Protein chains: 2
Amino acid sequence: MGQLAPNVRRGALDAKELELIQRYWQAANYLSVGQIYLLGNPLLREPLKPEHIKPRLLGHWGTTPGLNFTYAHLNRVIRARDLDMIYICGPGHGGPGMVANTYLEGTYTEIYPEIGRDVGGMRKLFRQFSFPGGIPSHVAPETPGSIHEGGELGYALVHAYGAAFDNPDLIVACVIGDGEAETGTLAASWHSNKFLNPVHDGAVLPILHLNGYKIANPTILARMPKDELESLMWGYGYEPFFVEGEDPNEMHLEMATTLDVVLTRIKEIQREARGPGKASRAPRWPMIVLRSPKGWTGPKEVDGKKVEGFWRSHQVPITDPRNNPEHLHLLEKWMRSYEPEKLFDKNGRLIDDLQALPPQGERRMGANPHANGGLLKQDLEMPDFRKLAVKVDRPGRSQAESTRVMGRLLEQVMSLNAVARNFRLMGPDETASNRLDAVFDITDRVWMEEIEPYDEHLAHEGRVMEVLSENLCQGWLEGYLLTGRHGFFSCYEAFIHIVDAMFNQHAKWLDASRKLTWRKPIASLNYLLTSHVWRQDHNGFSHQDPGFVDLVTNKKADVVRVYLPPDANTLLWVTDHCLRTYNRINVIVAGKQPQLQWLDMDTAIAHCEAGVGIWKWAGTESEEAEPDVVMACAGDVPTLETLAAVDLLRSELPDLRIRVVNVVDLMALQPQIEHPHGLTDDEFDALFTKDRPVIFAYHGYPFLIHRLTYRRRNHPNIHVRGFKEEGTTTTPFDMAVMNDLDRYHLAIEAINRMSRQSEKAADAKRRFEEKLAEHRQYVCREGQDMPEVRNWVWPYG
Amino acid sequence: MGQLAPNVRRGALDAKELELIQRYWQAANYLSVGQIYLLGNPLLREPLKPEHIKPRLLGHWGTTPGLNFTYAHLNRVIRARDLDMIYICGPGHGGPGMVANTYLEGTYTEIYPEIGRDVGGMRKLFRQFSFPGGIPSHVAPETPGSIHEGGELGYALVHAYGAAFDNPDLIVACVIGDGEAETGTLAASWHSNKFLNPVHDGAVLPILHLNGYKIANPTILARMPKDELESLMWGYGYEPFFVEGEDPNEMHLEMATTLDVVLTRIKEIQREARGPGKASRAPRWPMIVLRSPKGWTGPKEVDGKKVEGFWRSHQVPITDPRNNPEHLHLLEKWMRSYEPEKLFDKNGRLIDDLQALPPQGERRMGANPHANGGLLKQDLEMPDFRKLAVKVDRPGRSQAESTRVMGRLLEQVMSLNAVARNFRLMGPDETASNRLDAVFDITDRVWMEEIEPYDEHLAHEGRVMEVLSENLCQGWLEGYLLTGRHGFFSCYEAFIHIVDAMFNQHAKWLDASRKLTWRKPIASLNYLLTSHVWRQDHNGFSHQDPGFVDLVTNKKADVVRVYLPPDANTLLWVTDHCLRTYNRINVIVAGKQPQLQWLDMDTAIAHCEAGVGIWKWAGTESEEAEPDVVMACAGDVPTLETLAAVDLLRSELPDLRIRVVNVVDLMALQPQIEHPHGLTDDEFDALFTKDRPVIFAYHGYPFLIHRLTYRRRNHPNIHVRGFKEEGTTTTPFDMAVMNDLDRYHLAIEAINRMSRQSEKAADAKRRFEEKLAEHRQYVCREGQDMPEVRNWVWPYG
């Protein structure tokens, strides 16, 4: 497997090319060290002095020379083969390396003209790194050519695959640190090759970089015997090629030859797949194992302790040169070992022959438009969602599965954009379970393993991606969006927490990107959270958790939106809307079970555009006076229970003036100064009154509503019911009862909060309490909900 | 690798044993189907009628026969070899199988006497499954013998390893579903073998169950070529043994023989390792690949569609037999195919010869005390933390790294419990980075791969577990705690979100367990979140996220605690306290950087015991009157900035009556009715006043303080500053400034909120604003914080 005979290794580079690539690598290494250490004297024109050194030394050296080595070699092959390639830097803390390389190739200065390609620019380049007002220490949105931060490790390979899907001419080089390789997501990501079709997808070239150490430990993959690692990669479905050593010249030859072999192999696979006879399963793609010393070319020892090739080179290998003359001397010696005078001319410009190494224009990895996906993004062709409307003659009489209706919309989106090949649906084995299977009328699930005759909707060409890993779904979609495409991720609500951390990182990426004018907007990341807490009565407590929204609302207001459409037509509007937005994360929460439908399409559109509104047809308030009570709801099950509670109250207490408010756009509850969708205080008061009791039935943990509304005038009168972490396997209605969110509890709460208590109200309350007791007896006896609950419909006009 | 020659396969079972195990398996399958379907007629004494069928059919058949098959075979070898074994059921939705088996072996009835081993008991057993007031559909805390839910997939193998550590005589059989095997955590968990020492740890026997399908898709591992799967397992460091087929007799012989070979191999490995000459690296442990049809022994087809061996058997393979006579007939035929009359006597009791198959007493997997870890838990020997106190003569003058002091406490805990071997420390490569390296005075990091001469603190016997996977750290610790031991997980604050979902599931497990008297309390899961948001100035935005606490506070109040000790002595008290608690999840947030110390040990103890208190020495209020302003703080950096703000205010406005309140136990802020640690309203008012402005500097997202205090009388006057998602690579103080949490902003806010504004206050405010501008200029010029900030100490007595 993938080991080259020694005599093959020599052919790739002639002596001149070898020297060129070595010096180019040295230039990148020099610039990397300079960024970590120097405030001034960037070209070492004078002896290094304490005042040239930054007062705080921040940055990570250990991984950087390996990243630079790889970048230089990829430059060579891009140029030699005219490749369309981007670079995913898994070890994102190797930020200095990516900055150095994009500076060397010229893209950095094109984007940031103040960082010129001269001595003054180099001084600024060094100074700004990890400096207040400057740039982050990691590869970040600020870094040209990057779609990947690499701060929270684990997502390099899954991002790489996301970028490669539907980009047939793109090769995504993906450096994976051996620390990162220990994470769960990365360990699962290798299997992404089973979902990559060589015909219409591009290629991913994983480069597993074994530098042997994490912060303070060896790594698992670097320490395992080579045959075991080889077997592991083979088992993951790859053909591994090893590039191992520490002598630079040997390593250059090895890497150049290996890249030539590997890229030829990739082309062969693609040529074969794209020819007349198609392969029956996923091809065995090549990958590279690059084993090089951590902190390569850095100081071998500092203060008598091993540094190069050890974890001590992880961050700043020589500490405090500002105050330690010996360390200052060591640093100067190290920097001069790269011979900067042979790399940069007297004006600080990279000398001409080195300028000839990297590719030109958009072939430069820092300038490749795939890494600034907004440049390539095209708006989706959108169908008219109105035509898919569920017919609702009278509210609350007929049933539909809302997500099934949404599935029809997604099918049409898939269809209208089939030629553009820029829309995918992701889900952990739940597309059909979540009732989105209309999409299978137009496409299939992508699957490159064997397909049996009795399999359904599996195909090499499928555009629905299903794998039992929320992490892979999320990561693929992120990579796909970041390279300018569109998508949707449907997930069981409780298990979306598996990607909490990835959501956080993507939100941070978007927040930072939005501040960079050169980064063009990308399509929003859209979630459908379904199989939600109130309808996981069959799977039990482990499947009942509506807390993702709480996490989401911690992020920057500009970036996040949360929608709780109460029925199919509102869900259609919301889905259409989300697919048209960009640079956001949209969370839609909607159930998949048959449920009563409330709004016809025109009403739904008006309601959704407002985000929140009074359902006059449901209430009993008069024009003349404020209502006695506001029954508010957000979410499909809370809406159902609220309307059923209103029905109970209307029957028992016909004089009660009830207002019903439904919230679709959760962010509308926040003050306008906190969120662009927020209602003004006057608008809020007009809906929720200034002083009347509000019984608010909310889909998730009740605290969130308080958090969003605590600044509102009427907040002291808002009484929220929601999920209070009571759950098990039971009936749907019993789930609501366990959490006091059911119609009877809501109606009782409304009575309790009324300003004047009457005999009649007390009687009604007693009857509701009796109903709750009756419910309990009934479900424990019959195993299903009472007919009057199961069969309830809205009885009014 | 691990394939047995055909002639070896026949020896394990004689004809009688074969028949016995087949019938035992049929009994388990019969009981499983019965749970999914039947309300009555449990022994099919009469023809099956619609009224015998549950009105709602909930449960998962597909995985169950494989689980039952494995359980039966493990029963045999436990008995034959007198093994101490537990069963981890990765496909937790196979709940009916685990319930059936523990019922068959008698443990179920011992724990739940109302479910007798007779026809009445069987009727109840069937009825209660997935029924309101009954038991969950999944393996759950309610299931005897389980430490693992398996609802959210991915954690079976990591739990298994956690259970095996320091349990040298235990064998943990771990069934991993091929769906689950696609998850990130599971994919990484295989490498746990590099951390398992055959001398003092037990063994894990992974049984990868390839039944081929998830909900609606084939699985990756089942579809890859066998040699590739073999290579993958070999690469993970295992020796795979394959048991494949569908003919029951053949499969019984294969499984029995393979188990004999595999268990002999495990014993050999252990004998060799525990003898005089020790192996130099992790042994190659055996594992089993069990390939059997999904829904094995169930209906082959329903309505002309393939069911057995396909994903359609995932849940309830025959739908609606209550209303569909043909389906009713099919169900009856299926159930009778197990020949219940040969399995149970006329009283519904398992017939005697079948009773002889499972082991007895605590050898039964449902009764093994390791699966009810509280039975085995011993309290930790605890050192006197007071002796480790940092000397604090006057508050706010001297510095210490709080977590370094805590490390000394952990070292002593490690030392005092070294013989008991019941305490471990987990962390993703950050124990030293998080300043807990005192523990390396007494132990090392466990590492079973090669160890180089220059490696530091790596050893086969180490008790610190470091791997770059928060999922593995969390999962190992959960498994370790659930089997009755103790531990601590230290993690970078931002990246703990990676385990949000696992935290959720563990919290749910604890919540459900606490309601079961037979489940004995286990040690709490303790987190130290350090390298926190305010001191990730060097790593930047991706490392800045304090939101885990928001997630935690969604869970049941009884289960969760959050502590924000402001200095080393308070951290010592909190750590000591947490290690003495049980059935909780304790989250401690504390920085690792040098910081001013505030409280001597006696004061720290009193403060922590109260959870929240007034720091009289810091304020300027008089006895006679309420303060003008309350400066409240929670967290170490907020405390520092608050006290510095108080210093500013005292200097500029000496007449201002300031109260300083510090919060260690965040849950104290909640109303007492919401949380057992909550303050009464009177207590709260006594601290925070009824009407004075409160400037609250909080460590995390400010909303949380509102959420905790919105019901308090003085809530309208509480103004919270916290992390508002502004971050990058900068200086520590600049991080505070970016989020308005710094001393100047806090002092300005105090002035803004004062009831009377004075000329003097306006002047002071102007000076603070100037200082902020000066700060900005200074850091952008110098790259570090102003000396007056860097060197600030508390200037008062």
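Everything below is about the structure printed above this text.
Values in this document were obtained by computation on a predicted structure and should not be read as measured data.

> Would you mind going over the relation of the copies chain B and chain A in detail, with residue names and values included?
Once turned by 180° and shifted 0.0 Å along the axis, chain B lies on chain A with an RMSD of 0.0 Å. What the rotation and shift describe, once combined, is the action of a two-fold rotation axis. No C-alpha of chain B lies nearer the rotation axis than that of G184 of chain B, which sits 2.0 Å from it. Both copies present the same face, since 100% of the interface residues in chain B are matched by interface residues at the equivalent positions in chain A.

> If you had to explain the state of the cysteines to someone new, which residues and values would you point to?
All names here are of chain B. Evaluation of the coordinates by the stated rule reveals 0 disulfides over all chains. Free of any disulfide, C473 has its nearest neighbouring cysteine sulfur in C491, separated by 7.3 Å. Judged by relative accessible area, C473 falls into the buried class, the value being 0%.

> Help me get a handle on the interface of chain B and chain A, residues and values and all.
Between chain B and chain A, the residue contacts involve 122 residues of the former and 122 residues of the latter. Salt-bridge contacts for E228 of chain A lead to R284 of chain B; the nearest nitrogen and oxygen are separated by 2.8 Å. Between the two partners, chain B and chain A, sit 63 residue pairs in polar contact (both at pLDDT 80 or more). Breaking the side of chain B that touches chain A down by element, the ones donating at least two residues are α7 (184-189), α8 (220-223), α9 (226-235), α15 (500-514), α16 (548-552), α21 (703-709) and α24 (759-782) of chain B.

> Describe in detail the pattern of salt bridges, supporting the description with residues and values.
Under the counting rule described, the total for this entry stands at 112 salt bridges over all chains. A single salt-bridge network, built from bridges that share partners, covers D166, D201, R421, R424 and R463 of chain A.

> An account of the sheet that holds strand β20 (residues 658-663) of chain B is requested, with residue identities and associated values reported.
Residue and element names in this part refer to chain B. Read from one edge of the open sheet, 5 strands run β18-β20-β19-β21-β22, paired in mixed fashion. This sheet does not close on itself; its edge strands, each paired only once, are β18 (612-614) and β22 (718-721). Sheet twist, expressed as the average angle between the axes of neighbouring strands with direction ignored, equals 20°. Relative to β22, strand β21 (residues 694-698) runs parallel, the two being bridged by 4 bridges. By the bridge assignment, V694 is partnered in β22 with I718.

> Quick one: what's the story with the sheet that holds strand β3 (residues 203-210) of chain A, residue by residue and with numbers?
Residue and element names in this part refer to chain A. Across the sheet, which stays open at both edges, the 5 strands sit in the order β1-β2-β3-β5-β4 with parallel pairing between neighbours. Only two strands of the sheet have a single neighbouring strand rather than two, namely β1 (84-89) and β4 (238-244). Across this sheet, the average inter-strand angle for adjacent strands is 20°, counted without regard to direction. Strand contacts of helix α9 (residues 226-235): β3, β4 and β5 (285-291), with the helix running at about 145° to β4, the strand carrying the most contacts.

> Describe the side chain of R650 of chain B, with residues and values.
Residues and elements named next belong to chain B. With respect to the helices and strands, R650 occurs in helix α19 (residues 636-652). One buried charged side chain, R650, makes no salt bridge at all; its nearest oppositely charged neighbour is D647, positioned 6.3 Å away. Side-chain polar atoms of R650 contact the backbone oxygen of A618, separated by 3.0 Å.

> Please set out the packing of aromatic side chains residue by residue, giving values where relevant.
As enumerated under the stated definition, the model contains 71 aromatic pairs over all chains in all. Plain terms: the ring middles of F489 of chain A and Y527 of chain A are 5.7 Å apart, the flat faces sit at 40° to each other, and that makes the pair tilted. Of the two residues, F489 of chain A sits in strand β13 (residues 486-492) while Y527 of chain A sits in strand β14 (residues 525-530), which places them 38 residues apart along the sequence. Per residue, the accessibility class of F489 of chain A equals that of Y527 of chain A, and both read buried. Seen from their ring centres, W61 of chain B and W334 of chain B are 4.9 Å apart, and the 75° between their planes marks the pair as edge-to-face. On the criterion of sequence distance, the pair formed by W61 of chain B in the loop between α1 (15-37) and α2 (64-81) and W334 of chain B in helix α11 (residues 325-336) is long-range, its members being 273 residues apart.

> Hey, could you go over the environment of E250 of chain A for me, with residue numbers and the actual values?
Residue and element names in this part refer to chain A. By the secondary structure assignment, E250 is in helix α10 (residues 248-274). For E250, a relative accessible area of 36% gives the class partly exposed. C-alpha separation for the pair E250 and A187, spaced 63 residues apart in sequence, amounts to 30 Å.

Calculation criteria
- Residues numbered from 1 in each chain as written.
- Chains lettered and ligands numbered in written order.
- Predicted model: local features only at pLDDT ≥ 70, side-chain atom pairs only at ≥ 80, totals over all residues.
- Heavy atoms only, no water.
- Least-squares fit on C-alpha atoms with pLDDT ≥ 70 in both.
- Contact = heavy atoms within 4.5 Å.
- Disulfide = S-S within 2.5 Å.
- Buried < 20%, exposed > 50% of the residue type's maximum accessible area, 1.4 Å probe, protein only.
- Salt bridge = Lys/Arg side-chain N within 4 Å of Asp/Glu carboxyl O.
- Polar contact = N/O pair within 3.5 Å; in protein donor to acceptor, adjacent residues only side chain to side chain.
- Helix = DSSP H or I, 4+ residues; strand = E, 2+ residues; numbered from the N terminus.
- Pairing = 2+ DSSP bridges.
- Axes fitted to C-alpha atoms, helices over the stretch in contact; angles between N-to-C directions.
- Lys, Arg positive; Asp, Glu negative; His and termini not counted.
- Phe/Tyr/Trp six-rings, centres within 6.5 Å; stacked < 30°, edge-to-face > 60°.

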